Amino acid sequence: MAKDKSIYTCTECGGTSARWMGKCPHCNAWNTLIESAAEAASGGKNRLGSAQYQALAPSSEVLPLSQIEAADFDRHPTGIDELDRVLGGGMVEGGVVLIGGDPGIGKSTLLLQAVDALQRGGMNTLYVTGEESGAQVAMRSRRLGLPDSQVPVLPEIQLEKILHTLQTRQPNIAIIDSIQTVYSDQLTSAPGSVAQVRECAAHLTRTAKATGTTIVLVGHVTKEGALAGPRVLEHMVDTVLYFEGDTHSNFRLIRAIKNRFGAVNEIGVFAMTEKGLKGVSNPSAIFLSQHSEPVPGSCVMVTLEGTRPMLVEIQALVDSGGPSPRRLSVGLERDRLAMLLAVLHRHAGVACMDQDVFVNAVGGVHIREPAADLAVMLAITSSLRGKPLPKGFIAFGEVGLAGEVRPAPRGQERLKEAAKLGFKTAVVPKANMPKKGDKAFEGLTVYPVERIEEAMQVVRGLD
Ligand code: TYD
Ligand code: MG
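Quick caveat, the model's predicted, so the values are computed rather than measured.

A short note on the overall build of the protein chain
Within the protein chain, the regular secondary structure consists of 10 helices and 23 strands. On the principal axes, the C-alpha backbone points of the protein chain span a range of 80 × 55 × 50 Å. Across the 463 residues in the protein chain, those meeting the buried criterion constitute 51%. Intrachain contacts of the protein chain at a sequence separation of at least 6 include 66% that bridge at least 24 residues. Element-wise, carbon and sulfur atoms account for 52% of the exposed surface of the protein chain, whose accessible area totals about 22100 Å².

A word on the site of ligand 1
Around ligand 1, the surrounding shell holds 16 residues, and the nearest of these are Gly104, Lys107, Ser108, Thr109 and Gly276. One of the backbone N or O atoms of Ile105 is found 3.4 Å from an oxygen atom in ligand 1. Thr109 is positioned with one of its side-chain polar atoms (N or O) 2.5 Å from an oxygen atom of ligand 1. For the shell around ligand 1, the secondary structure elements donating two or more residues are helix H2 (107-120), helix H3 (134-143) and strand E13 (267-273). It is H2 that contributes the most residues to the shell around ligand 1, 3 residues altogether.

Brief notes about unusual backbone geometry
In this model, Asp177 is joined to Ser178 through a cis peptide bond whose omega is 5°. Inspection of the secondary structure assignment puts Ser178 in the loop between strand E9 (173-177) and helix H5 (194-211). Of note, Asn31 is a non-glycine position whose phi angle comes to about 55°, a positive value. Here Asn31 shows up in the loop between strand E2 (16-17) and strand E3 (33-37). For Asn31, a relative accessible area of 62% translates into the label exposed. Not every positive phi belongs to a glycine, and Gln170 is a case in point at roughly 45°.

A look at the nonpolar core
Counting 66 residues, the largest nonpolar core has Leu374, Ile380 and Ile394 as its most contacted members. Sort the elements by how many residues they give to this core and helix H8 (residues 373-385) lands first, with 7 residues. Setting aside anything within four residues of it in sequence, one finds Ile380 in contact with Ala316, Val318, Leu337, Leu341, Leu344, Cys352 and Val357.

Details of empty space enclosed by the protein
Any empty space left between atoms is shown by rolling a water-sized probe over those atoms. Tallying each qualifying case throughout the model produces 4 cavities of 30 Å³ or more. Roughly 130 Å³ of volume is contained in the largest cavity. If you go around the largest cavity, you meet 14 residues; those closest to its centre are Leu332, Glu333, Arg336, Ala372 and Asp373. Breaking the lining of the largest cavity down by element, the ones donating at least two residues are helix H7 (334-348) and H8. Top element by residues in the lining of the largest cavity is H7. It accounts for 3 residues. Its residues placed into classes, the lining of the largest cavity shows 8 nonpolar, 1 polar and 5 charged. Reported here for the second largest cavity is a volume of approximately 50 Å³. Leu87, Gly90, Met91, Val92, Gly95, Val96, Val97, Asp238, Thr239, Asn259 and Phe261 together form the lining of the second largest cavity. Those elements giving two or more residues to the lining of the second largest cavity turn out to be strand E5 (91-92) and strand E6 (96-101). Residues belonging to the lining of the second largest cavity are distributed by class as follows: 6 nonpolar, 4 polar and 1 charged.

Side note on the confidence of the model for the protein chain
On average, the protein chain scores 88 in pLDDT, and the residues at 70 or more come to 92%. The low-confidence segment residues 40-54 (pLDDT under 50) makes 25 contacts with residues lying over four places distant or belonging to another chain.

Points about helix H4 (residues 159-169)
Those residues of H4 that sit buried are Leu159, Ile162, Leu163, Thr165 and Leu166. Down the axis of H4, the buried set is contained in an arc of 160°. They therefore lie on one face. Within H4, the exposed residues directed more than 90 degrees away from the buried face are His164 and Thr168. If you follow the buried residues of H4, they end up packed against strand E7 (125-129), strand E8 (153-155), E9, H5 and strand E10 (214-220). With its phi angle positive at about 45°, Gln170 sits one or two positions after the end of H4.

A closer look at the UniProt feature "binding site: ATP" (unreviewed entry) in the protein chain
Under the present numbering, the feature "binding site: ATP" (unreviewed entry) in UniProt falls on Gly101, Asp102, Pro103, Gly104, Ile105, Gly106, Lys107 and Ser108. Along the chain, Gly101 falls in strand E6. Its relative accessible area of 3% is what places Gly101 among the buried residues. If we ignore the near neighbours within four places in the chain, the residues touching Gly101 are Lys107, Gly219, Val221 and Phe243. Judged by relative accessible area, Gly104 falls into the exposed class, the value being 63%. Leave out the neighbours within four places in its chain, and Gly104 touches Thr247 and Arg252.

Cut-offs applied
- Residues numbered from 1 in each chain as written.
- Chains lettered and ligands numbered in written order.
- Predicted model: local features only at pLDDT ≥ 70, side-chain atom pairs only at ≥ 80, totals over all residues.
- Heavy atoms only, no water.
- Helix = DSSP H or I, 4+ residues; strand = E, 2+ residues; numbered from the N terminus.
- Buried < 20%, exposed > 50% of the residue type's maximum accessible area, 1.4 Å probe, protein only.
- Contact = heavy atoms within 4.5 Å.
- Areas by Shrake-Rupley, 256 points an atom, 1.4 Å probe, with all protein chains shown as cover.
- Near = heavy atom within 4 Å.
- Polar contact = N/O pair within 3.5 Å; in protein donor to acceptor, adjacent residues only side chain to side chain.
- Core = buried A, V, L, I, M, F, W, Y, C linked by side-chain atoms within 4.5 Å.
- 1 Å grid on protein atoms, 1.4 Å probe; cavity = no way out; pocket = protein on both sides within 12 Å on 5 of 7 lines; lining within 4 Å.
- Points joined across faces, edges and corners; volume = space filled by probe spheres on them.
- Nonpolar A, V, L, I, M, F, W, Y, C, P; charged D, E, K, R; others polar.
- pLDDT = per-residue confidence, 0-100.
- Arc of directions from axis to C-beta.
- UniProt positions renumbered as here; feature names shortened; annotations may be inferred.

Right, dumping it as structure tokens:
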């Protein structure tokens, strides 16, 4: 059979070219042309028009919404509670899940545990491994304490062979570890290239929709932390999960970035043990480092992820810098840090212009919510002055450009968690102030603030 011809499509404007060029001839963008297989002239029955429309594949008649049956999806709970929580209750039949994360963070471990639990529950599963040999996977299963695992393993990286196995075995759940190692014969580019990843993911997605097999794709992340391969991969699949956490610490978080079958703000929390990943059902205090005495530059905040409040320590180090001082942040947005420093200067008179500022969220968590602002600013000020915040101190609240402190969603729940863990003092936005006499906050003195300078003043008065 003659090979399909390749065309090169621009990721910016969608223009095509018959050969690769550094610059797109249509929109003049650089390095945007990627290879894909050209549609066969005969209408190309085995080619996809656009992967995104596959969910709609079987053409059906037009019906008003009220007449379409809204059956809930058939879910397969994995039995791993923390994973089911982020998935919104389990893997969905015909759903495609993309799971990304740094190397060595535990993607293969978690999926092997999940797929083994499903196989034991009577599901028909398949584990396709492209990165490791069958022996390596077997070794991992022994290590996980699953020596009698019945999970069928296929070491394979060629898409057509994987599709064939999926067709013949018709598993309920198939894991592809990883999508970057899979390649299709139809394209000449190397495995892991954007074109290959996109093409293979599209074929696998179509298979999932057509057969009802749940497919889990493992994806690599780039140095910048984004899933390698085109963003289009995230559009194609139903659910995108990210692993985060420090590979050196024991805790791992799984966050849903996108979920067509559930909420996206849920996170799952795991601890890496000798026997694989174990769910942590009460994660509120795991991201605190234990100082015997308060140290300058550390402030604890309460984040609320999904349904559970968590206490996270924010650390800051302010040190005299050179002519162009550095601003670095780990686990927090750097642009936001620059903004907070400007607000600190303008509204609270705290100047860090000639200082290096480093900020870190302990334990490798990524904090995306602005409620961290107040804690970040208090940690910075504490480090700059070399003066620790009092023992048992927490703060949260968003800080605006005008220096106002805005309320955090569900502030009372956050305060309750802090009180439960024995924290003594809290500085919070005024609107998050609990009612007087509520027993749940006993032992916690709460200071409401409306502006950043007010917060600074409260902290200066504490000792
Ligand atoms: P792995 O699942 O191979 O990571 P990924 O597929 O995301 O690259 O995880 C590998 C790490 O986990 C490795 O550094 C060893 C550690 N580990 C444990 O600590 N306990 C275990 O039971 C297993 C299987 C792995
Ligand atoms: Mg792996």
